[in-house]
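Chain by chain, the residues:
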Amino acid sequence: EKKSRELDRQHIQLIQSSKLATLGEMATGIAHELNQPLSGIRTRAQLVMKAMARDLMKRDRIEQNQREVIQLVDRISHIISHMRIFARQDQQKFIPFKLEQSIQGALSLIGEQLRIHAIELDMKVPTTLPLVLGEPLQIEQVLLNLISNARDALDARADLERQRGRDFYKSLILDVHEAGAKEICLEVIDNGIGMPEEIRAKIFEPFFTTKPVGRGTGLGLSISYGILTSHGGRMEVESQEEQGTRFRVFLPVWDGSREAARVARREDLPL
């Protein structure tokens, strides 16, 4: 039991370190995400000051500007709040939750990077899917790893096509659907650089990476694989060079048992 507890503790610490590294890698995109509403607040404040200087400010215009500023502040608060929740120490308390929750959480952190990299995102996420059982933030971490890898693969393919004098349309698809009666499948599909068989066979090995030094730890996919295993799920991959990559994440559907529901503790994670 002591060894088991120690292994669990080390597993949690490894996941935590990976989460903080993920946030560090996304710092530029998050900064852009925060800069947009800040710029909007500044613009509205300047407009109010100019209108006041010309004695042109009317009550309805003031109210409209204030409402827009409040909305922008709320957007900033949401981003910061989610970063704090994502970065906190996991306790691996599994609860029934909607997979859409983890997807939206991941996109709140990496969505701006997709826009910066001119990646077209196509989401096929039904809202009527059954609940899954797990730790939402850990599943979010799996998604962040897969999406960030897809981003890099798309950039690599775009560079290759540019050298050939060709235009290239970067496409990323998130497709969620039921896989039988007991599983939900999430597919992350890109038309990026792809992988040959010899690389595809090693991607889940710890510390294996094809990225330049300083661009990756080689732990993202191995940790993601471990997270899914602890959830009773699995991951599959298909890839072809210069054709793209398709990752499939399978998670078990919550069976509605009371034992699972009793582990729910956080009010912000709906059953």
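To continue, consider helix α5 (residues 136–163). If you check α5, its first and last C-alpha atoms are 41 Å apart, about what 28 residues at 1.5 Å a residue would give, namely 40 Å. Across the 28 residues of α5, 22 count as buried, placing the element largely inside the fold. Residue Gly165 follows α5 closely and has a positive phi angle near 75 degrees.

In this section: the sheet that holds strand β6 (residues 234–240). With mixed pairing, the five strands of this open sheet are ordered in space as β2-β4-β5-β7-β6. The open sheet has two free edges, formed respectively by β2 (120–124) and β6, since each of these has just one partner strand. Taking the axes of each pair of neighbouring strands and ignoring which way they run, one obtains an average angle of 10 degrees across the sheet. Relative to strand β7 (residues 244–252), strand β5 (residues 183–190) runs antiparallel, the two sharing eight bridges. Bridge assignment links Val188 to a residue of β7, and that residue is Phe247.

Attention shifts here to the packing of α5 against helix α7 (residues 220–230). Each pair of packed helices gets described by two things: the angle between the helix axes and the distance between those axes. One way to put it is that α5 packs onto α7 with a least axis distance of 9 Å and a crossing angle of 145 degrees. The crossing of α5 and α7 is left-handed. Of α7, the residues touching α5 (which contributes Gln138, Ile139, Gln141, Val142, Asn145, Leu146 and Asn149) are Gly220, Leu221, Ile223, Ser224, Ile227, Leu228 and Ser230. Its residues assigned to classes, the contact of α5 with α7 shows seven nonpolar, seven polar and no charged.

Attention now moves to the confidence of the model for the chain. Looking at the chain, pLDDT values average 79 and 76% of them are 70 or higher. Counting contacts from residues 260–271, a segment whose pLDDT is below 50, to residues more than four positions away or on other chains yields 27 contacts.

Attention now goes to the side chain of Glu161. By the element assignment, Glu161 lies in helix α5. The buried category is assigned to Glu161, whose relative accessible area is 4%.

This part takes up the nonpolar core. Of all hydrophobic cores here, the largest spans 43 residues; its most connected members are Leu99, Ile103, Leu146, Leu172, Val176, Phe247 and Val249. Broken down by element, this core gets its largest block of residues, eight residues, from α5. For Phe247, the residues in contact, after removing those within four places along its chain, are Leu146, Leu186, Glu187, Val188, Ile203, Phe204, Leu221, Met235, Glu236 and Val237.

Okay, unusual backbone geometry next. Even without a glycine there, the phi angle at Ala118 is positive, about 55 degrees. As for its position among the elements, Ala118 is in the loop between α4 (99–116) and β2. Relative accessible area serves as the criterion here: at 57%, Ala118 is assigned to the exposed category. In this structure, Glu242 takes a positive phi of about 60 degrees despite not being glycine. With a relative accessible area of 29%, Glu242 lands in the partly exposed category.

Let us look at the pattern of salt bridges. For the structure shown, the criterion picks out 14 salt bridges. The partner of Glu112 in a salt bridge is Arg115, and the shortest N-O contact between them spans 2.8 Å. Placement of both Glu112 and Arg115 in helix α4 is noted, with a separation of three residues, approximately one turn of the helix. With relative accessibility at 6%, the residue Glu112 sits in the buried group. Judged by its relative accessible area of 51%, Arg115 is exposed. Two residues, Arg248 and Glu187, come together in a salt bridge whose shortest N-O distance is 2.9 Å. With Arg248 in strand β7 and Glu187 in strand β5, this pair connects stretches of sequence that are 61 residues apart. Across the pair, exposure class does not vary: Arg248 and Glu187 are buried alike.

In this structure, Val132 sits in strand β3 (residues 132–134). Once the C-alpha coordinates of Val132 and Glu183 are considered, the two residues, 51 residues apart in sequence, prove to be 8.3 Å apart. In contact with Val132, other than residues within four places in its own chain, are Ile95, Pro96, Phe97, Ile184, Leu251, Pro252, Val253 and Trp254.

How each quantity is defined
- Residues numbered from 1 in each chain as written.
- Predicted model: local features only at pLDDT ≥ 70, side-chain atom pairs only at ≥ 80, totals over all residues.
- Heavy atoms only, no water.
- Helix = DSSP H or I, 4+ residues; strand = E, 2+ residues; numbered from the N terminus.
- Expected span 1.5 Å × (residues − 1).
- Buried < 20%, exposed > 50% of the residue type's maximum accessible area, 1.4 Å probe, protein only.
- Pairing = 2+ DSSP bridges.
- Axes fitted to C-alpha atoms, helices over the stretch in contact; angles between N-to-C directions.
- Left-handed = near helix turned anticlockwise from the far one by under 90°.
- Contact = heavy atoms within 4.5 Å.
- Nonpolar A, V, L, I, M, F, W, Y, C, P; charged D, E, K, R; others polar.
- pLDDT = per-residue confidence, 0-100.
- Core = buried A, V, L, I, M, F, W, Y, C linked by side-chain atoms within 4.5 Å.
- Salt bridge = Lys/Arg side-chain N within 4 Å of Asp/Glu carboxyl O.

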